Amino acid sequence: MRVMQALACAVTLAVLVPPVMGAQGQAPETARAVAGGGITVPGWTGKIDANEEKAGQVLNNSKLSQEGNVLHIRTGPAVTYWNPANVAKGDYTVKATFKEPKFMNLNTHPHSYGIVIAGNDLGTPQQSLLYCAAYGNGNFIVRGFGPDAFQMNGGHGAPSPAVNKAAGPGEPVTQEIAMSVKGDKIECAINGTVVASYDKATLVTAGKLKSTDGIYGIRFAHNTEATVAGLAMSK
């Protein structure tokens with residue numbers, strides 16, 4: 001009888017206790033390799049995140065291609081892409097227009113994409129960089145590597161009325177993202193509005209950035225597809 005009662009309790013608990021969920025209440029999601037992946041844009045290279053590498057992912061499981069003057073990105077694993085010739089120093093602004101043709105078409109919840117600046121020792125275990133990225137649900141996130149990952153506005157970012165929202169899954173959404181170094185400030189602007197500003201001294205420090213001078217590029221979370229147009233640096 002006691003055995004039967006124990007089994008009954010176990011069944012009841014299995015029904016009542018929900019499965020462990022991932023970030024933002026979503027079921028855990030792993031990167032899915034992209035067919036025909038790799039980098040076909042001359043001069044460009046990239047690096048996937050360390051946790052992706054530990055999971056057995058490789059750079060060629062994501063895809064970077066070019067159609068005319070527009071970059072086309074489809075990830076697999078989360079990745080940073082850059083061209084070593086793209087270097088910014090002193091005061092500068094790096095911006096580009098990101099378009100997600102079909103919001104969440106490769107994932108079960110919003111994933112981010114954005115601008116990378118201050119890249120040093122990229123592709124090595126000692127790399128440092130900073131990025132500002134937008135989500136198609138109105139959120140944005142500022143993070144970096146130095147070489148370990150660090151957060152500037154929380155683990156899941158924060159909402160801003162400046163960030164455009166897709167009408168729904170499968171609908172298009174476009175964001176203009178810019179990162180600037182101006183004197184002692186580092187700023188991120190989305191769709192023309194500054195959404196985050198930091199003192200340079202809080203970022204150029206041990207465990208974060210080596211310098212605000214460095215390579216600029218783009219950053220994409222896993223299982224995401226979008227295009228990038230007009231990536232450029234201005235003084």
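Reading guide: rules and limits
- Residues numbered from 1 in each chain as written.
- Predicted model: local features only at pLDDT ≥ 70, side-chain atom pairs only at ≥ 80, totals over all residues.
- Heavy atoms only, no water.
- Helix = DSSP H or I, 4+ residues; strand = E, 2+ residues; numbered from the N terminus.
- Buried < 20%, exposed > 50% of the residue type's maximum accessible area, 1.4 Å probe, protein only.
- Contact = heavy atoms within 4.5 Å.
- Areas by Shrake-Rupley, 256 points an atom, 1.4 Å probe, with all protein chains shown as cover.
- Disulfide = S-S within 2.5 Å.
- Polar contact = N/O pair within 3.5 Å; in protein donor to acceptor, adjacent residues only side chain to side chain.
- Core = buried A, V, L, I, M, F, W, Y, C linked by side-chain atoms within 4.5 Å.
- Pairing = 2+ DSSP bridges.

### Some points on the overall build of the protein
From N to C terminus, the protein includes three helices and 16 strands. Put simply, the protein has 235 residues, and 47% of those count as buried. Contacts spanning at least 24 positions in sequence make up 64% of the contacts within the protein whose residues lie at least 6 apart. Of the roughly 11300 Å² of accessible surface on the protein, a fraction of 56% belongs to carbon and sulfur atoms.

### A short note on the state of the cysteines
Evaluation of the coordinates by the stated rule reveals one disulfide. One disulfide bridge connects cysteine 132 with cysteine 188, the sulfur atoms lying 2.0 Å from each other. Taking the torsion about the sulfur-sulfur bond, which here is approximately -70°, the covalent link between cysteine 132 and cysteine 188 counts as left-handed. Separated by 56 residues along the polypeptide, cysteine 132 in strand S8 (residues 128-134) and cysteine 188 in strand S13 (residues 185-190) bring together distant segments of the chain. Comparing cysteine 132 with cysteine 188, the two get one shared label, buried.

### Structural notes on the side chain of histidine 222
Along the chain, the position of histidine 222 falls in the loop between strand S15 (214-220) and strand S16 (225-234). A distance of 3.3 Å separates the side chain of histidine 222 from the side chain of glutamate 29, its partner in a polar contact. If we ignore the near neighbours within four places in the chain, the residues touching histidine 222 are Glu29, Thr30, Ala31, Glu52, Thr75, Gly76, Pro77, Ala78 and His111.

### A few points about the nonpolar core
Formed by 46 residues in total, the largest nonpolar core has its most connected members in Phe98, Ile117, Leu130, Ile190, Ile218 and Phe220. Excluding residues that lie within four positions of it along the chain, isoleucine 218 makes contacts with Trp44, Leu71, Ile73, Val79, Thr80, Tyr81, Phe98, Gly114, Val116, Val228 and Leu231. Counting ten residues, the second largest nonpolar core, distinct from the first, contains Trp82, Leu129, Tyr135 and Ile141.

### Re unusual backbone geometry
Along the chain, glycine 146 connects to proline 147 via a cis peptide bond; the corresponding omega equals -5°. Note that proline 147 resides in the loop between strand S9 (139-145) and strand S10 (149-151). The residue methionine 104 is not glycine, and still its phi comes out positive at about 65°. Assignment of secondary structure puts methionine 104 in the loop between strand S6 (92-100) and strand S7 (113-120). Here methionine 104 falls in the buried class, since its relative accessible area comes to 18%. For alanine 118, which is not a glycine, the phi torsion comes out positive at approximately 60°. Examined against the element boundaries, alanine 118 turns out to sit in strand S7. Residue alanine 118 is classed as buried on the basis of its relative accessible area, which comes to 1%.

### Structural notes on the pairing of S7
Across the eight residues that make up S7, a large majority, seven, are buried. Pairing of S7 with S8 involves six bridges; the strand directions are antiparallel. Counterpart to isoleucine 117 in the pairing with S8 is leucine 130.

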